[in-house]
There are 2 protein chains.
Amino acid sequence: MSIEQTEAEKLSALRIKIDAIDEEIGRLISARAECAQEVADVKKANLPADADILFYRPEREAQVLRKAMERNKGPLSNEEMARLFREIMSACLALENPIKVAYLGPEGTFTQQAALKHFGHSAIAIPFSAIDEVFREVEAGAVNYGVVPVENSTEGVVNHTLDNFMGSNLKICGEVELRIHHNLMVSDVTNTSSISRIYSHSQSLAQCRKWLDAHYPKAERIAVNSNAEAAKRLKGEWNAAAIAGSMAADLYGLKLIAEKIEDQPDNSTRFLIIGKQSVPQSGVDKTSIVVAMRNEPGALHNLLEPFHRHNIDLTRVETRPSRTGAWTYVFFIDFVGHVDEPLISDVMKEVASRCADLKLLGSYPKAVL
Amino acid sequence: MSIEQTEAEKLSALRIKIDAIDEEIGRLISARAECAQEVADVKKANLPADADILFYRPEREAQVLRKAMERNKGPLSNEEMARLFREIMSACLALENPIKVAYLGPEGTFTQQAALKHFGHSAIAIPFSAIDEVFREVEAGAVNYGVVPVENSTEGVVNHTLDNFMGSNLKICGEVELRIHHNLMVSDVTNTSSISRIYSHSQSLAQCRKWLDAHYPKAERIAVNSNAEAAKRLKGEWNAAAIAGSMAADLYGLKLIAEKIEDQPDNSTRFLIIGKQSVPQSGVDKTSIVVAMRNEPGALHNLLEPFHRHNIDLTRVETRPSRTGAWTYVFFIDFVGHVDEPLISDVMKEVASRCADLKLLGSYPKAVL
C-alpha cells in the first residue's frame, strides 16, 4: 500500500470533514432561530395579543453584519460573509412574521436586487410601478417597508424620490448600495480601431465621461433607454461600441475591450429603505434632513457652517426646487451621525434656527457594504 | 432590585447569546470554505493547469442538502434550512469558479427563481429568450448549465423543452421544483355571491378545475395571458374573480376569498438543469429516457412492461409526435433509479430491445425539495 493518499482518498477525507462542519452549522442555525423566537416571545409578553409588532430592528441587523465582517478572516469575501448572515437573519425573522417590502419594479431591476440584498430572500418583496405608489403602500400599512432608488437610476426612473418625502411622514430606515461596474464592449464584427459611435444610457455615459474623453475623444456618444438596449444595438454595427455591465456582454455575445471604466472607482447606486419606524443608534449611522430656505446670497454657506464648525461629515447636499412655491429652494442634506447623539441634536437645532423649515427624514445605519 | 428580569435585560442576554452563536457560525463557514478550496486543489493537482475543471457536483450537493434536512429539528422549516445550505455551498463554490447558468428569461420569471433556488445567489445567471438558445449556450460552452421549464409553464413558454433534447447531446443534470399555490381573489367592489366570471391563465384554470366545478360550477372561466393580468383585470368588475398567487393579490390590492385551491395539493412546476456532465449516483435519483417506436396496438404497454415487472416506479410518461417522420411517436419516460445501478441498466437494455431507438437523457438527483 502506498503511503501517499490517492486523490479519491483525499477527497473522501475532506468530504467527511465538510459533513462534520455542516452538522455543526446546522445545529447552530437552529439554536440561533430558537433565540430569535425567544426574543419575539419576550417582546410579545408585554404587548396586547393583537398588536402589530415588528421584529425587524435595522440597527441591530447592521451591528450583526458589521461584526460578521470584522471577524471574517477569509477565504470568503466580507461581502459573501455578510450575504450569508443576511440570509440567516432573514430566515430566523420570517419564523415570526415575514417582512413585506414594496419596491420600485418591475421585477429583475436593480431596486429588486437592493430589496433582496437588504432584507434577504425570506422577505416578501412586491413590485410597484411608481415611487409614489411605494410610499402609499408603506403609509397604508400594506407593507412594512419600501425600497426606492435615491435618484434617477440607469433604469429609467423619472420622478424624484426625495420629492416624495415632502408630503409624507415616512422615515428613512436604512440605505443600500449596489456596486455597478461599466465596461466597453463590441461585437465580433467591430473594427476596434475605428469605433465612431458609443451607445449607453445617458447616466452611464456621464459616469464614464473622463475615461471616454481620454480614450475615445472623437467617438459620438449616443444615449439610449438602457444599457441592455445599448448592448443589443451593436449587432451588425462594425464601428460601434456599448457601455454596459458584464452580464449584457454575456447576454448578447459581446467582447469586453475595457473593464471598470467608470470615473469613480466605487461607482454605486444607492437605495433608501422607507418605513414608519425611528431607528435607534447602530454605532455607524447617517442622518438625512430636508431644509427649506429663501435663495439669498450666502444662504447655503451660512446653513452649512455649523456642520463645518463641529467637524460633521456631510456626505451629500442636493438642491431641489420647492414644490409649494412658498420657498425658492429645498436642500436635502445627508451627514454622518445619529440624531440621538447630543452633538448632532445640538447642531440640528442651530441649523433649524438658520432656515425657514427643517424636517428630519431619519437617522439610520450606514449601508453595511 | 427585582428578581424578575426586565424586558431589556432579557433581550440583552438573548442578544449576547445570539452574538456568540454568530461568531461560531462565521468561524465554521470560513472553515467550510477552506475545505472547499482544498477539494479544488486536490482536483487541480492531477490535471493540466489550463483544464476547465468543474467543481460543482450535483450528486454531492443533493447529498449535503438531504443530510441538512434530515438533521434539522426546527424551528426553521426544512425548506429554509436547505435554502441556507444552498447559499453557503454557492458562496464556497464561487471562491474557485462561479457557475454560469443560462435560463429561460426574462428576469423575474419562475425559471429565474428555479435557477437561483438550485445554484444559489453566488452563481451568475443569464436570461435567454428561447429554450433553444439556452440549449445552444450550454452546448457552446458559454455557460456551465442551463435551466428550462419541463413543459409549458404559466408564463407562456410555447415551444416544448423535451423536443430540444432530440437534436442535442446535452444531459439532464438535475431537476428543480417550485411549489405554486393558487388562490381565488376579488376586488373590493365584487359581490362574492354573484361571481359570474373567473379569469386566469389557462393552465391555472386547468389546475383548479375540480375545485371550480365544485364551488363555481356556473361561472364562466376566461383564460388570459398570465395570472398577473387576470388579477389586474378585476379592477372595477363587480362580478368577476381571478385565480393567481398571493403576491398578485398584494400587488393589486385584492382580497383572497379561497386559498390553495389547486386540485393537486403539491402543485408544482418542474424545471430541468441541462449540462454536459453525466452525474454519478446521489442515493435518490431519477432517470429520463426518450424512446422512439411505431404506433402499433399495445406497443406502449409492451414497452413499459419491464419497468412494471421489476417494480421500477415510473414518475412520468409523455407522448410527443416525432419530428423526423421516421417514427410515429416518441415517448419521454422518467423513472426512479440511476443508470449506474445494475437493475436499471438491465431494464434499459430490455426496453431498448423492444423499441426502435432509446436515448438516455440523464440520471440525476431527485429534486431535493
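Residues numbered from 1 in each chain as written. Chains lettered and ligands numbered in written order. Predicted model: local features only at pLDDT ≥ 70, side-chain atom pairs only at ≥ 80, totals over all residues. Heavy atoms only, no water.

In the nomenclature of an unreviewed UniProt entry, chain A corresponds to Bifunctional chorismate mutase/prephenate dehydratase from the organism Cellvibrio mixtus. UniProt, in its Subcellular location (unreviewed entry) section for chain A, records the words "Cytoplasm". Chain A has a UniProt comment under Function (unreviewed entry) that states "Catalyzes the Claisen rearrangement of chorismate to prephenate and the decarboxylation/dehydration of prephenate to phenylpyruvate." (UniProt positions renumbered as here; feature names shortened; annotations may be inferred.)

Describe in detail the overall build of chain A, supporting the description with residues and values.
Counting its secondary structure elements, chain A contains 12 helices and 14 strands. Counting the 369 residues in chain A, one finds 51% classified as buried. Looking at chain A alone, contacts between residues at least 24 apart form 77% of all its contacts between residues at least 6 apart. Of the accessible surface of chain A, which amounts to about 17100 Å², a share of 50% is contributed by carbon and sulfur atoms. (Helix = DSSP H or I, 4+ residues; strand = E, 2+ residues; numbered from the N terminus. Buried < 20%, exposed > 50% of the residue type's maximum accessible area, 1.4 Å probe, protein only. Contact = heavy atoms within 4.5 Å. Areas by Shrake-Rupley, 256 points an atom, 1.4 Å probe, with all protein chains shown as cover.)

Tell me about the interface of chain A and chain B, residues and numbers included.
Across the boundary between the two partners, chain A contributes 62 residues, which contact 62 residues of chain B. One can count 8 salt bridges joining chain A with chain B. Salt-bridge contacts for A:D22 lead to B:R32; the nearest nitrogen and oxygen are separated by 2.6 Å. At the surface where chain A touches chain B, the tally comes to 15 residue pairs in polar contact (both at pLDDT 80 or more). Contributions of two or more residues to the side of chain A that touches chain B are made by α1 (7–45), α2 (58–71), α3 (78–94), β2 (124–128) and α10 (246–252) of chain A. If you tally residues by element for the side of chain A that touches chain B, the top one is α1(A), at 28 residues. A class-by-class count of the residues in the side of chain A that touches chain B yields 31 nonpolar, 9 polar and 22 charged. (Salt bridge = Lys/Arg side-chain N within 4 Å of Asp/Glu carboxyl O. Polar contact = N/O pair within 3.5 Å; in protein donor to acceptor, adjacent residues only side chain to side chain. Nonpolar A, V, L, I, M, F, W, Y, C, P; charged D, E, K, R; others polar.)

A description of the sheet that holds strand β7 (residues 220–224) of chain B should follow, citing residues and the corresponding values.
All names here are of chain B. Here 5 strands make up an open sheet; going across it, the order is β7-β6-β8-β5-β9 and the pairing mixed. Of all strands in the sheet, those bounded by a partner on one side alone are β7 and β9 (255–258). Averaged over neighbouring strand pairs, the angle between their axes works out to 35° when direction is ignored. Relative to β9, strand β5 (residues 183–186) runs antiparallel, the two sharing 3 bridges. (Pairing = 2+ DSSP bridges. Axes fitted to C-alpha atoms, helices over the stretch in contact; angles between N-to-C directions.)

Before we move on, can you summarise the relation of the copies chain A and chain B with the specific residues and values?
Mapping chain A onto chain B calls for a rotation angle of 180° and an axial translation of 0.0 Å; the resulting RMSD is 0.1 Å. Classification of the inter-copy transformation places it as that of a two-fold axis. By residue overlap, the copies meet face to face through one surface: 100% of the interface positions of chain A are interface positions in chain B. (Least-squares fit on C-alpha atoms with pLDDT ≥ 70 in both.)

How would you summarise the pattern of salt bridges if you had to cite specific residues and measurements?
Considering all chains together, one arrives at 36 salt bridges over all chains under this definition. We note a salt bridge from A:R86 to A:E61, for which the minimum N-O separation is 3.0 Å. Of this pair, A:R86 sits in helix α3 while A:E61 sits in helix α2, and the two are 25 residues apart along the sequence. Of the charged contacts in the structure, one is a salt bridge between B:E175 and B:K286, with a shortest N-O distance of 3.0 Å. With a gap of 111 residues between them, B:E175 in strand β4 (residues 171–179) and B:K286 in strand β11 (residues 285–293) connect regions that are remote in the sequence. For the pair formed by B:E175 and B:K286, the shared burial category is buried.

Please give an account of the UniProt feature "site: Essential for prephenate dehydratase activity" (unreviewed entry) in chain A that cites residues and values.
Residues and elements named next belong to chain A. Residues given the UniProt feature "site: Essential for prephenate dehydratase activity" (unreviewed entry) here are T269. Structurally, T269 can be placed in strand β10 (residues 268–275). Classification of T269 by relative accessible area gives buried; the value is 17%.

Just give me the short version of the side chain of A:T287, but keep the residues and values in it.
Residue and element names in this part refer to chain A. Here T287 lies in strand β11 (residues 285–293). For T287, a relative accessible area of 0% puts it in the buried group. A polar contact of 2.6 Å, which involves the side chain of T287, links it to the backbone oxygen of G337. Once residues lying within four places of it in the same chain are set aside, the contact partners of T287 are I333, D334, F335, G337, H338, V339, M348, L360, G362, S363 and Y364.

Explain the packing of helix α1 (residues 7–45) of chain B against helix α3 (residues 78–96) of chain B to me, using residue names and the numbers behind them.
Helix-helix packing: each pair is described by the crossing angle between the helix axes and the interaxial distance. All names here are of chain B. Their axes nearest at 9 Å, the elements α1 and α3 cross at an angle of 45°. The orientation of α1 relative to α3 falls into the category oblique. Note on packing geometry: the crossing formed by α1 with α3 is right-handed. Between α1, through I29, R32, A33, A36, Q37, A40 and K44, and α3, the contact on the second element is made entirely by I88, M89, C92, L95 and E96. (Parallel < 35°, antiparallel > 145°, perpendicular 65-115°, else oblique. Left-handed = near helix turned anticlockwise from the far one by under 90°.)

If you had to explain unusual backbone geometry to someone new, which residues and values would you point to?
All names here are of chain A. Between G74 and the following residue, P75, the backbone shows a cis peptide bond with an omega angle of 0°. Structurally, P75 is set in the loop between α2 and α3. Positive phi outside glycine occurs at N311, with the angle close to 60°. Here N311 lies in the loop between α11 (299–309) and β12 (314–321).

Describe the nonpolar core, listing the residues and the values that go with them.
Core analysis: the largest hydrophobic core is formed by 54 residues, its most contacted members being A:I25, A:I29, B:I25 and B:I29. Of all the elements in the fold, those that place two or more residues in this core are α1, α2 and α3 of chain A together with α1, α2 (58–71) and α3 of chain B. Ignoring anything within four residues of it in the chain, the contact list for A:I29 reads A:I88, B:I25, B:L76, B:M81 and B:L84. (Core = buried A, V, L, I, M, F, W, Y, C linked by side-chain atoms within 4.5 Å.)

Tell me about the packing of aromatic side chains, and please be specific about residues and values.
Residues and elements named next belong to chain A. The full count for this structure, using the stated rule, is 12 aromatic pairs over all chains. A ring pair is formed by W211 and Y216, whose centres lie 6.0 Å apart and whose planes are at 35°; its orientation type is tilted. Of the two residues examined, W211 and Y216, each falls in the buried class. In this structure an aromatic cluster arises from ring pairing among Y56, F119 and Y145. (Phe/Tyr/Trp six-rings, centres within 6.5 Å; stacked < 30°, edge-to-face > 60°.)

Tell me about the sheet that holds strand β6 (residues 197–200) of chain A, residues and numbers included.
Strand pairing in a sheet is mediated by backbone hydrogen bonds. Such pairs are either parallel or antiparallel. Residue and element names in this part refer to chain A. Taking strand neighbours across the sheet as the criterion, the 5 strands line up as β7-β6-β8-β5-β9 in an open arrangement whose pairing is mixed. Bordering the open sheet on either side are β7 (220–223) and β9 (255–258), each of which pairs with just one other strand. On average, each strand axis in the sheet is inclined to that of its neighbour by 35°, with strand direction left out of account. Two elements, strand β5 (residues 183–186) and strand β8 (residues 240–244), share 3 bridges in a ladder whose sense is antiparallel. Bridged to M185 within β8 is A242.

Can you break down helix α5 (residues 131–140) of chain B residue by residue, with the values?
Residue and element names in this part refer to chain B. Taken residue by residue, α5 has I131, V134, F135 and V138 as its buried positions. Projection of α5 onto a plane perpendicular to its axis shows the buried side chains occupying an angular sector of 100°, all on one side. The exposed set on the far side of α5, more than 90 degrees from its buried face, consists of R136 and A140. (Arc of directions from axis to C-beta.)

Tell me what's going on with the side chain of B:N72, and back it up with residues and numbers.
Residue and element names in this part refer to chain B. Residue placement: N72 occurs in the loop between α2 and α3. Relative accessible area serves as the criterion here: at 12%, N72 is assigned to the buried category. A distance of 3.1 Å separates a polar side-chain atom of N72 from the backbone nitrogen of G74. At a separation of 2.8 Å, a polar atom in the side chain of N72 contacts the side chain of N78.

Talk me through the environment of A:R27; I want residue IDs and the actual numbers.
Residue and element names in this part refer to chain A. The topology assignment puts R27 in helix α1. Residue class for R27 comes out partly exposed when judged on its relative accessible area of 47%. Engagement of the side chain of R27 in a polar contact is seen with the side chain of E24, the distance being 2.9 Å.

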